[in-house]
Amino acid sequence: MAGILAPTMGTVKMAAGKKAALLTLGLGFKPDLSGRDNALLAAMLQGSSRKEAEAFMDSIKEFSELGDSFDLPVKNYSAGMRARLGFTTALMTHVDILLVDEVLSVGDAHFRGKALAAMQDRITGDQTVVFVSHMADQVKTLCSRVIWLDEGKVKQEGDSVEVVDAYQAYVHRTRQEGIEQQRLKQEQVKKALEQAAG
């Protein structure tokens, strides 16, 4: 959907003139560039003009809470700082479709709460957001409609609570079946060893 990879089958259709961005944790950041320069480059790669990208920098610096580190090379950042910069850059640049892949656990508890609130604002606003996650509580909290994919096929679609509950029941049932199969195998091996010894 972001145009990074071609689909292995089928097609992805995007309305003409629409911009999509993948909200990731610093994918493609250049370690020798500052946080500011990386954010500027990322915004431009997501379709912003240089002037538009420069206009986002104060918001990105403020929301990411990087302070003076925003102007230091990313190679000096902790993993949490890189994550905050990546999340904030993708969030603050204005695209038509925001693709979010497992990134709402970034930073400390304060920043996670802030990130979750910002994501909720995007989802309830007029922007299209595609949120991909295995975090059931986040999916239930953030999404009104959910699509459960299993091996590339739609297994269930609908209300977030109903679909997530069905998914969790499936995972639990599958896990229990796996445990039972393992127990039966162990019993078979034990019987075979007893027969061989007896």
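The structure under discussion appears in the preceding block.
Residues numbered from 1 in each chain as written. Predicted model: local features only at pLDDT ≥ 70, side-chain atom pairs only at ≥ 80, totals over all residues. Heavy atoms only, no water.

## Focus on the overall build of the chain
So, point 1. Counting secondary structure elements, the chain contains 6 helices and 5 strands.
So, point 2. Walking the chain from its N terminus toward its C terminus, one meets helices and strands in the order β-α-α-α-β-α-β-α-β-β-α.
So, point 3. When each of the 198 residues of the chain is scored for burial, the buried share is 32%.
So, point 4. Residue pairs at least 24 apart in sequence account for 59% of intrachain contacts in the chain once pairs closer than 6 positions are excluded.
So, point 5. Total accessible area computed for the chain in this model is approximately 12,500 Å², and 54% of it derives from carbon and sulfur atoms. (Helix = DSSP H or I, 4+ residues; strand = E, 2+ residues; numbered from the N terminus. Buried < 20%, exposed > 50% of the residue type's maximum accessible area, 1.4 Å probe, protein only. Contact = heavy atoms within 4.5 Å. Areas by Shrake-Rupley, 256 points an atom, 1.4 Å probe, with all protein chains shown as cover.)

## So, the packing of helix α2 (residues 50–64) against helix α3 (residues 79–92)
Helices that pack against each other are described as a pair by the angle of their axes relative to one another and the distance between those axes.
So, point 1. Close contact between α2 and α3 brings their axes to 9 Å; oriented N to C, the two are set at 135°. Comparing the axis directions of α2 and α3 gives the class oblique. Where α2 crosses over α3, the two elements pack in a sense that is right-handed. Contacts between α2 and α3 involve Phe 56, Ser 59, Ile 60, Phe 63 and Ser 64 from the first element and Arg 84, Leu 85, Phe 87, Thr 88, Thr 89, Leu 91 and Met 92 from the second.
So, point 2. Looking at the contact of α2 with α3, its residues break down into 7 nonpolar, 4 polar and 1 charged. (Axes fitted to C-alpha atoms, helices over the stretch in contact; angles between N-to-C directions. Parallel < 35°, antiparallel > 145°, perpendicular 65-115°, else oblique. Left-handed = near helix turned anticlockwise from the far one by under 90°. Nonpolar A, V, L, I, M, F, W, Y, C, P; charged D, E, K, R; others polar.)

## A few points about a nonpolar patch on the surface
So, point 1. On the surface, Ile 147, Leu 149 and Val 154 cluster together into a nonpolar patch covering about 280 Å² of accessible area.
So, point 2. Structurally, Leu 149 is set in strand β4 (residues 145–150). (Patch = residues over 30% accessible without salt bridge, like charges linked within 9 Å, V, L, I, M, F, W, Y side chains within 5 Å. Salt bridge = Lys/Arg side-chain N within 4 Å of Asp/Glu carboxyl O.)

## Examining the pairing of β4
So, point 1. Pairing of β4 with strand β5 (residues 153–159) involves 6 bridges; the strand directions are antiparallel. Bridge assignment links Asp 150 to a residue of β5, and that residue is Lys 153.
So, point 2. With antiparallel pairing between neighbouring strands as the criterion, β4 and β5 make up a hairpin whose turn holds 2 residues, including Glu 151 at a positive phi of roughly 55°. (Pairing = 2+ DSSP bridges.)

## Comments concerning the packing of aromatic side chains
So, point 1. With the rule as written, the count across this model stands at 4 aromatic pairs.
So, point 2. Taking 5.4 Å as the distance between ring centres and 85° as the angle between the ring planes, the aromatic pair formed by Trp 148 and Tyr 167 counts as edge-to-face. A residue pair is termed long-range when its members are at least 10 positions apart, and Trp 148 in strand β4 and Tyr 167 in helix α6 (residues 160–197) qualify at 19 residues.
So, point 3. Here Trp 148 falls in the buried class, since its relative accessible area comes to 8%.
So, point 4. Chaining the aromatic ring pairs together yields one cluster made of Phe 63, Phe 87 and Phe 111. (Phe/Tyr/Trp six-rings, centres within 6.5 Å; stacked < 30°, edge-to-face > 60°.)

## Some points on the packing of α2 against helix α4 (residues 109–124)
So, point 1. The N-to-C vectors of α2 and α4 enclose an angle of 135°; their axes lie 11 Å apart at closest approach. Taken together, the axis directions place α2 and α4 in an arrangement best described as oblique. The segment α2 lies against α4, with Glu 62, Phe 63 and Ser 64 engaging Phe 111, Lys 114, Ala 115 and Ala 118.
So, point 2. Residue composition of the contact of α2 with α4, grouped by class: 4 nonpolar, 1 polar and 2 charged.

## Some remarks on the pattern of salt bridges
So, point 1. Summed over the entire model, instances satisfying the criterion amount to 9 salt bridges.
So, point 2. Between Lys 114 and Glu 65 there is a salt bridge, and its shortest N-O distance comes to 2.8 Å. Within this pair, whereas Lys 114 is found in helix α4, its partner Glu 65 is found in the loop between α2 and α3, the two being separated by 49 residues in sequence.
So, point 3. Lys 114 gets classed as partly exposed once you look at its relative accessible area, which sits at 22%.
So, point 4. On the basis of relative accessibility, which here comes to 34%, the residue Glu 65 falls in the partly exposed class.
So, point 5. By sharing partners, the salt bridges in this structure join Glu 180, Arg 183 and Glu 187 into a single network.

## Looking at the nonpolar core
So, point 1. Within the largest apolar cluster, 34 residues are counted, with the highest numbers of intra-cluster contacts made by Ile 60, Leu 85 and Leu 91.
So, point 2. Within the residue set of this core, elements represented by two or more residues are α1 (35–45), α2, α3, β2 (97–101), α4, α5 (136–142), β4 and α6. (Core = buried A, V, L, I, M, F, W, Y, C linked by side-chain atoms within 4.5 Å.)

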